[in-house]
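Examination of the molecular architecture
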Amino acid sequence: MLIRRSAPLGLIAAGAAVVLTLTACGGNSTSPTASGGASGAYTKTTNAITVLIGSSGAAETSSVQAAVAAWAAKSGISAKVQVASDLTQEASQGFASGSPADLLYVSTDQFSGWAKAGNLEAYGDQLANKADFYPNLVSAFTYNNQFYCAPKDFSTLALVVNTDKWKAAGLTDADYPTTWAQLESISQKLVAAKQPGLVVSNEIQRLGVFVAQNGGSLVSADGKTATVNSDANVAAYTFAKKLLTEGAAKLNSDVGAGWGGEALGKGLATMVIEGNWITGVKKDYPTLNYKVVELPAGTQKGTLEYTNCWGMSKDGKNKGGALDLVNYLTTTQQQLQFAKDFGVMPSVKSAASDYKSQFPEMTAFLAGADYAQNLPAQPGVAAVLADLNSQMAKLKTSDPKSILDTEQSAMTQALAG
Amino acid sequence: MSDHGQRPRRSGINRQGVAGWIFVAPTILILGLFMFVPVLMAAWVSLSNWNGHGSPLETGVGYVGGNNYVAVLNGQGIAGRDFGTSIRNNFYYALLVVPIQTAISLGLATFVNRRALKGKAFFRTAFYFPSVTSSVAITVLWLFLFAGTGSVNSVLSWFGVHGPNWFQDSRGIFQILLNALGVQTPANPPASLFGISWWEWVAGPSVAMCAFIFMAVFTTSGTFMLLFLAALQAIGEETDEAAMIDGASAWQRFRYVTVPMLRPTLFTVLTLGTIGTWQVFDQIYTGTKGGPSKTTLTPAYLSYDAAFTSQAWGRGSAIAFILFFIIIVFTLLQRMILGQADPTLPSRRDRLAQRRLSTLARRGTTKGA
């Protein structure tokens, strides 16, 4: 009897001891250092730097590796690149462990949540070329009036046209639509000529261009008030619904394509709304001929932009070295090299003219930088956008206003924290 | 037991006990460190406002009571609606997968257990093969097979059936059926249970979810076939022959002799099936990420998504614990139903009486000896 009772007690004691040890570990490894925001320069040490990236493929990986190695040779600080298969998950594990990667790709979806949780260092004001970044990219990585991290590169959406189908429908270069009315009539002309029309995916990340073109947005300019069900937005979604119901436009899922590039390459679409990653489509469909033009304007020109930044971990052990590396990676020269290696657009204005002369076929994407809108990215907003997308699957059969009304309350709730 | 002669033997048990504990100590330590402690920490996270920075046990992480659980269960806002949707999806998934896979695996087991069957080993391996293949690999295969222009739809087109674009189709199958019968989808049905409307509950699993249902049946039937096969072989020929002599037909022998004798295995299979279906994650993570229109969202995936993507670590852990209770409840429910429905199984009181009898009998023999 004695044995039987004492054994579980021992077990519990052992378990408690383990928990206590873990507590102690947790407490020690991340003792609150409370570095006061953006005050003063960071000290550079010789600690090795780890860079965690989510790569689009071998081209990007080797390009970033080469750049980081070049910096390591120049600075004398060793640095290595880790390629994450699931960046969000691996970064989260690092943040929780107290020894995260020094630098990492941070998307706008994750940025504000990580900034709020205290995972990221606000180093933006200490960047050497701070004034050179596009202002709307800087605002995408500003949280609580602090510029956190250097925009790595960016993409905008434009209209990509399959020129073979275009010619087959008897259309010329003069016919590229510049207004909503023209977009509608051209699409109908294509359908009448037995060619596919516009193909989009019904997610806010694509259909949101109509919102921007109609002068709408999902949140107010100061980012504090939800404006999801504004008249401009309802009108934009009603226009998109009209295109879909009259057959001028189809959804990716309706034509059986995973994304716009596939629809274009398989000849299921004559026009798609995609970003500058469209260049990759040539690998899958080498015979495809396409042309990129600016999106048609509604009441104004409008498009959406997407960007990532070089996030610096607050718990990093060599912030001075990390800042030095970011300065190196965001120089005009290095960004043009990245553009050449894997097709991204430089985030600094000083690279624009060189980029245009090297990639003349991409000018429409770069032109978008002047009027592009960021989707809202406050903490919790990503879930609202995901919910909006899941509702928009029923766009063809339901009332845009009622969907936007539901999401208006969800957005208000998210912005309230 | 309180005999004087027992004392030396007892110290023997003591030594053996110590040795036993030493032998199991590594396992207990490892299990404790990698299961017990993480579970306790997750339980704490589900009651806290931990934001993912540093350890959840350090100072500054606040206790928020049941707030995370309320946010999930009250059916309000996106968190509540998502949870309701995931429960709806997973409920239909379990409701369809568990009975179908149990029936198919039982059928396959009786098929490969037949004496007359040629190439038994081949069939056994073939049926078991999907179970040992990585679920990620099968999911990728499934995505290709069930693509809009995939093989499944090509085969369907031979029969003049225009297949749906499986993994993009968010319509519920009962909704399709009701619409075909002339019942219109209501415009704005009010929210009922867990923040989603009664119409969404009635709509049933989406076409995309059905593809996952086929996949689960395809992959797990082999595993359970193996369990049934082992049980069938343990029954032996004699019982069947005895029933045959009594004049029972093949179906009667199966229904009234074999199946009742398989009851313990049936319970195992149903329990494992229920647990497995409520924990479905890999397929969703690699396949659809909860889409189209959140119709393949499951609690396990939602827990991951809330924690890692939405940075709501407390809510993610709370969902995990709610899922744990759902599984416990369903397992107990099954045990109760299967235990009660069988008059041949002794009840608890009978078993106690039997034990008392056998103890008496043993004492009698000891005394006699």
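Just so it is clear, the structure is predicted and the values come from calculations on it, not from any experiment. (Residues numbered from 1 in each chain as written. Chains lettered and ligands numbered in written order. Predicted model: local features only at pLDDT ≥ 70, side-chain atom pairs only at ≥ 80, totals over all residues.)

What follows covers the overall build of chain B. Regarding its fold elements, chain B presents 16 helices and 2 strands. Expressed as a percentage of the 369 residues in chain B, the buried residues total 33%. Pairs at least 24 residues apart make up 70% of the contacts formed inside chain B by residues separated by at least 6 positions. (Helix = DSSP H or I, 4+ residues; strand = E, 2+ residues; numbered from the N terminus. Buried ≥ 20, exposed ≤ 12 C-beta atoms within 10 Å, placed from the backbone. Contact = placed C-beta atoms within 7 Å.)

What follows is about helix H2 (residues 58-75) of chain A. All names here are of chain A. Taking 1.5 Å as the rise per residue, H2 with 18 residues should run 26 Å; its terminal C-alpha atoms sit 26 Å apart, in good agreement. Elements in contact with the buried residues of H2: strand E1 (49-53), strand E2 (79-83), helix H13 (319-329) and helix H14 (332-342). Following H2 by one or two positions, Gly76 adopts a phi angle in the positive range, close to 80 degrees. (Expected span 1.5 Å × (residues − 1).)

All names here are of chain A. Taken domain by domain, chain A consists of domain 1 (49-156 + 306-373) and domain 2 (158-305 + 376-415). Here domain 1 and domain 2 have C-alpha centroids that lie 27 Å from each other. With 24 residues of domain 1 in contact, the opposing surface of domain 2 contributes 19 residues. Listing elements by their share of the side of domain 1 that touches domain 2, those giving two or more residues are helix H4 (108-116), helix H5 (135-140), strand E6 (150-156), strand E12 (303-312), helix H16 (363-367) and strand E14 (372-374). Among the elements that line the side of domain 1 that touches domain 2, the one with the most residues is H4, at 6 residues. Grouping the amino acids of the side of domain 1 that touches domain 2 by side-chain chemistry returns 11 nonpolar, 10 polar and 3 charged. (Domains from an automatic or database assignment. Nonpolar A, V, L, I, M, F, W, Y, C, P; charged D, E, K, R; others polar.)

A word on the domain arrangement of chain B. Residue and element names in this part refer to chain B. Once the domains are mapped, chain B shows domain 1 (9-67) and domain 2 (70-353). Here the C-alpha centroids of domain 1 and domain 2 sit 32 Å apart. At the junction of the two partners, domain 1 supplies 12 residues and domain 2 supplies 9 residues. Within the side of domain 1 that touches domain 2, the residues separate by chemical class into 5 nonpolar, 7 polar and no charged.

All names here are of chain A. Spatially, E9-E8-E10-E7-E11 is the arrangement adopted by the 5 strands of the open sheet, whose pairing is mixed. Both edges of this open sheet fall to strand E9 (249-251) and strand E11 (290-293), since each of them pairs with a single strand only. Strand-to-strand, the axes of this sheet are offset by a mean angle of 30 degrees, without reference to chain direction. Both strand E7 (residues 158-162) and E11 contribute to a ladder of 4 bridges, which runs antiparallel. Within the sheet, the bridge partner assigned to Leu159 lies in E11 and is Val293. (Pairing = 2+ DSSP bridges. Axes fitted to C-alpha atoms, helices over the stretch in contact; angles between N-to-C directions.)

On to the interface of chain A and chain B. At the junction of the two partners, chain A supplies 35 residues and chain B supplies 32 residues. Breaking the side of chain A that touches chain B down by element, the ones donating at least two residues are helix H1 (2-29), helix H3 (87-97), helix H17 (381-392) and helix H18 (400-415) of chain A. With 11 residues, H1(A) is the largest single contributor of residues to the side of chain A that touches chain B.

Attention shifts here to the nonpolar core. With 177 residues, the main nonpolar core has A:Leu103 and A:Cys149 as its most contacted residues. Setting aside anything within four residues of it in sequence, one finds A:Cys149 in contact with A:Val106, A:Leu120, A:Tyr123, A:Gly124, A:Phe141, A:Cys309, A:Trp310, A:Gly311 and A:Met312. (Core = buried A, V, L, I, M, F, W, Y, C linked by C-beta atoms within 7 Å.)

Bringing the environment of A:Ala122 into the picture now. Of note, A:Ala122 is situated in the loop between H4 and H5. For the pair formed by A:Ala122 and A:Gln146, sequence separation is 24 residues and the distance between their alpha carbons is 6.5 Å.

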